[in-house]
Amino acid sequence: MALPIYASPLEKAWHLTFKVICGIIFLFLIAPILIVMPLSFNAEAYFTFSPKMLSFDPAGYSTRWYDTLLTLGHPAPEGPRDGEWWRLAWQHSTWIQATKNSLWVGLWATIFATTLGTLAALGLSRPEMPYRRLIMATLISPMIVPIIIIAVGMSFFYAKACVAPDSAMSQIFGVFLSNKGCLANSHLGVIIAHATLGIPFVIITVTATLSGFDQSLIRAAHSLGANPRVTFFKVVMPLILPGVISGALFAFVTSFDEVVAVLFIAGPEQQTIPRQMFNGIREAISPAILAVATILVILSVCMLATVEILRRRSERLRGVTPH
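The notes below deal with the structure included here. (Residues numbered from 1 in each chain as written. Predicted model: local features only at pLDDT ≥ 70, side-chain atom pairs only at ≥ 80, totals over all residues. Heavy atoms only, no water.)

Right, let's get into helix 4 (residues 83–92). Side chains that are three or four residues apart share a direction in an α-helix, a result of its 3.6 residues per turn. Trp85, Leu88 and Ala89 are the residues of helix 4 that are buried. Across the axial projection of helix 4, the buried residues extend over an arc of 105 degrees, all falling on one side. Facing away from the buried side of helix 4 by over 90 degrees, the exposed positions are Gly83 and Trp90. Against helix 3 (64–71) and helix 5 (94–124) lie the buried residues of helix 4. (Buried < 20%, exposed > 50% of the residue type's maximum accessible area, 1.4 Å probe, protein only. Helix = DSSP H or I, 4+ residues; strand = E, 2+ residues; numbered from the N terminus. Arc of directions from axis to C-beta. Contact = heavy atoms within 4.5 Å.)

Next up, the structure:
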């Protein structure tokens, strides 16, 4: 924002100093990203800039580590890139399997977190709701409690949460459970854990959207003969939809990024991208991790841009001029 023309020299100097400080802080925050992205194109198997990269020699740059994301675990990595090669990559590539698990878990965790978080936000937005502050504090506690405590607690709980192999629950959720019918080392266990971590983000974003919601619209819809279901989908939902989508994106990113809970409650079949990156750092350091990090950064930037666009749309719908 520009200074007014009557600003004093001291105010102008402070304004310039403030902008420089903000620029330094911004550079400090994005410096790791600025380093990781070019290093992912390093032709050498090192985590440092080679002399050829520093001299901008094309021979110092390569996409070999992006190709490693397809060939690691492939039974015939040097074969011709035909349909059979891609089929084997889809079935056996380590990083592709981790991506499939992350997307599968993230999708279901986002659906559960968005549904439950939206319902909770709608209930907490009602003025007659008793103990609203206490309930809100309880629901957003996963954002405050250290994740290691939540992961350990879930690990002990999942070890005892099992169903009989011939029960109805096993028939319904068998594809999500482990071979022993337990939540431990199962997709369902990871989905529930990630949904628990994503619910607070949905509650906060939807509650923020509902803060400017005009409750008289609901009364007007009822006076015109609309039942609660029609009122929700025709009046309430279109107005809070940007907040719901923003919360869903935050829940998905939280699930896609989570590694601590996965380390405690997941098995080998639930290997996600963050866990695969953790294993890669611990067992065999490879610049392929930098390639994955670059892709994740680009994905995160796209999602944050989407959230910002939705925030501005929500403000326009509520009659608030975005700054």
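From this point on, the discussion continues.
With that settled, the discussion passes to the packing of aromatic side chains. All chains considered together, the criterion is met by 9 aromatic pairs. Their ring planes at 80 degrees and their centres at 5.0 Å tell us that Trp85 and Trp86 sit as a pair that is edge-to-face. Considering the side-chain rings of Phe201 and Phe250, the 6.2 Å spacing of their centres and the 20 degrees angle between planes classify their relative orientation as stacked. Residue Phe201 is located in helix 9 (residues 187–210), and its partner Phe250 is located in helix 11 (residues 228–257); the two are separated by 49 residues in the primary sequence. Given a relative accessible area of 25%, Phe201 falls into the partly exposed group. A relative accessible area of 29% places Phe250 in the partly exposed class. Among the aromatic residues, ring-to-ring pairing joins Trp104, Trp108 and Phe112 into one connected group. (Phe/Tyr/Trp six-rings, centres within 6.5 Å; stacked < 30°, edge-to-face > 60°.)

Quick look at a nonpolar patch on the surface now. On the surface, Met143, Ile144, Val145, Ile148, Ile149, Ile204, Leu263, Phe264 and Phe278 cluster together into a nonpolar patch covering about 760 Å² of accessible area. Every element with two or more residues in the nonpolar patch is listed here: helix 7 (147–160) and helix 12 (260–265). Mapped onto the elements, Ile144 comes out in the loop between helix 6 (132–139) and helix 7. A relative accessible area of 65% means that Ile144 is categorised as exposed. (Patch = residues over 30% accessible without salt bridge, like charges linked within 9 Å, V, L, I, M, F, W, Y side chains within 5 Å. Areas by Shrake-Rupley, 256 points an atom, 1.4 Å probe, with all protein chains shown as cover. Salt bridge = Lys/Arg side-chain N within 4 Å of Asp/Glu carboxyl O.)

Closest axis-to-axis distance for the helix 9/helix 11 pair is 8 Å, and the angle between their directions is 155 degrees. Taken together, helix 9 and helix 11 sit at an angle that is classed as roughly antiparallel. When the axes of helix 9 and helix 11 are compared, the crossing they make is right-handed. Residues His194, Leu197, Gly198, Phe201, Val202, Thr205, Val206, Thr209 and Leu210 of helix 9 form the contact with helix 11, whose participating residues are Leu239, Ile240, Gly243, Val244, Ser246, Gly247, Ala248, Phe250, Ala251, Thr254 and Ser255. By residue class, the composition of the contact of helix 9 with helix 11 is 11 nonpolar, 9 polar and no charged. (Axes fitted to C-alpha atoms, helices over the stretch in contact; angles between N-to-C directions. Parallel < 35°, antiparallel > 145°, perpendicular 65-115°, else oblique. Left-handed = near helix turned anticlockwise from the far one by under 90°. Nonpolar A, V, L, I, M, F, W, Y, C, P; charged D, E, K, R; others polar.)

What follows is about the side chain of Arg275. Positionally, Arg275 belongs in helix 13 (residues 273–283). Among residues more than four places away in sequence, those in contact with Arg275 are Val259, Val262, Leu263, Ala266 and Gly267.

Before going further, it helps to examine the nonpolar core. With 33 residues, the main nonpolar core has Leu210 and Ile265 as its most contacted residues. Secondary-structure elements contributing two or more residues to this core are helix 5, helix 7, helix 9, helix 11 and helix 12. Top element by residues in this core is helix 9. It accounts for 11 residues. Discounting chain neighbours no more than four positions away, the residues touching Leu210 are Ala121, Leu122, Ser125 and Ile240. The next biggest cluster of nonpolar side chains, apart from the first, holds 16 residues, and it includes Tyr66, Leu69, Phe252 and Ile273. (Core = buried A, V, L, I, M, F, W, Y, C linked by side-chain atoms within 4.5 Å.)

Here the focus is the pattern of salt bridges. Pairing is possible between side chains that carry opposite charge, provided their charged atoms lie close to one another. This model, assessed by the stated rule, comprises 2 salt bridges. The shortest N-O distance in the salt bridge between Asp67 and Arg81 comes to 2.8 Å. Of this pair, Asp67 sits in helix 3 while Arg81 sits in the loop between helix 3 and helix 4, and the two are 14 residues apart along the sequence.

This next bit is on the layout of surface pockets. The space that makes up the largest pocket amounts to roughly 390 Å³. Around the largest pocket, the lining is made up of 16 residues, and of these Leu122, Arg126, Gln215, Ile218 and Val236 lie nearest the centre. With 4 residues, helix 11 is the single largest residue contributor to the lining of the largest pocket. A class-by-class count of the residues in the lining of the largest pocket yields 9 nonpolar, 4 polar and 3 charged. (1 Å grid on protein atoms, 1.4 Å probe; cavity = no way out; pocket = protein on both sides within 12 Å on 5 of 7 lines; lining within 4 Å. Points joined across faces, edges and corners; volume = space filled by probe spheres on them.)

With respect to the secondary-structure elements, Ala151 resides in helix 7. The sequence separation of Ala151 and Ile265 amounts to 114 residues, and the corresponding C-alpha distance is 7.3 Å. For Ala151, the residues in contact, after removing those within four places along its chain, are Val260, Ala261, Phe264 and Ile265.

Looking now at empty space enclosed by the protein. Across all of its chains, the model carries 1 cavity of 30 Å³ or more by this definition. The space that makes up the largest cavity amounts to roughly 70 Å³. Lining of the largest cavity is provided by Phe252, Val253, Phe256, Asp257, Leu296, Leu299, Ser300 and Met303. Looking at the lining of the largest cavity, the elements with two or more residues in it are helix 11 and helix 14 (288–317). Partitioned by chemical class, the residues of the lining of the largest cavity number 6 nonpolar, 1 polar and 1 charged.

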